[in-house]
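# Fold and contact review
The chain contents come next:
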Amino acid sequence: MDLVLDREYYPGGTNGVFLLDGKILCYCIEAPSDFFRQGISCIPEGLYELDLISIKTSKEIRLFNCPNGIRSQESSEVAISTRNLDQNIILVSEITGEGRGRPSKKAESNFLHLIEQALMKGEKATLEIRSCPDNALNLTCHQIEWMD
């Protein structure tokens, strides 16, 4: 299963949409890009492998870095959930502003189920994080100085 996260970058936060086969699964928000705020940043663009990790009585989707398509053994400290932590991708039912939205337990539940079903079938679940190609100005790929 190959998921895509298309993102738009704003000074107040990062907004995104999860896609599977070109169809929208749900929306998400993250911290702003490091071009806008030092010390807090959204997850770098790239290819990640998804896995389910059991934590006490719940499950969480974790991202494993996959440079050149090879999975690293250590999970990044990133989770896909509805909990608002600095390095999480927060699933939301709708985006209400720059890096703001309404957290959605239903979106999280559906997302968990989708990943769990793929992994139970023996499929590899990957996530490609990229800039939204339809938007002309996505500053994470460029130095801001060119605008001065």
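As a reminder, the structure under discussion sits directly above these lines.
Predicted model only: the values in this text are computed from it and were never measured. (Residues numbered from 1 in each chain as written. Predicted model: local features only at pLDDT ≥ 70, side-chain atom pairs only at ≥ 80, totals over all residues. Heavy atoms only, no water.)

## Some points on the environment of Leu 127
Following the sequence through the fold, Leu 127 ends up in strand β9 (residues 126-131). Along the primary structure Leu 127 and Phe 18 are separated by 109 residues, whereas in three dimensions their C-alpha atoms are 9.1 Å apart. Those residues in contact with Leu 127 that lie beyond four places of it in its chain are Leu 3, Val 4, Leu 5, Phe 18, Gly 46, Leu 47, Tyr 48, Leu 50, Leu 63 and Ile 80. (Helix = DSSP H or I, 4+ residues; strand = E, 2+ residues; numbered from the N terminus. Contact = heavy atoms within 4.5 Å.)

## Let's talk about the nonpolar core
Counting 24 residues, the largest nonpolar core has Phe 18 and Ile 80 as the members making the most contacts within it. Only β1 (2-10), β2 (13-20), β3 (23-30), β4 (46-55), β5 (58-65), β7 (89-97), α1 (105-120) and β9 provide two or more residues apiece to this core. Broken down by element, the residue count for this core peaks at five residues, all from α1. If sequence neighbours within four positions are ignored, Phe 18 has contacts with Val 4, Leu 5, Lys 23, Ile 24, Leu 25, Cys 26, Cys 28, Ile 80, Ile 89, Leu 91, Phe 111 and Leu 127. (Core = buried A, V, L, I, M, F, W, Y, C linked by side-chain atoms within 4.5 Å. Buried < 20%, exposed > 50% of the residue type's maximum accessible area, 1.4 Å probe, protein only.)

## Comments concerning the pattern of salt bridges
What the rule picks out here adds up to four salt bridges. The salt bridge involving Glu 94 is made with Arg 102; its shortest N-O contact spans 2.7 Å. (Salt bridge = Lys/Arg side-chain N within 4 Å of Asp/Glu carboxyl O.)

## Focus on the pairing of β3
Sheet topology places β2 next to β3; seven bridges connect them, and they run antiparallel. Directly across from Asn 15, in β3, lies its bridge partner Ile 29. Where β2 hands over to β3, the hairpin turn is made up of two residues, of which Asp 21 adopts a positive phi near 55°. Pairing of β3 with β7 involves three bridges; the strand directions are antiparallel. (Pairing = 2+ DSSP bridges.)

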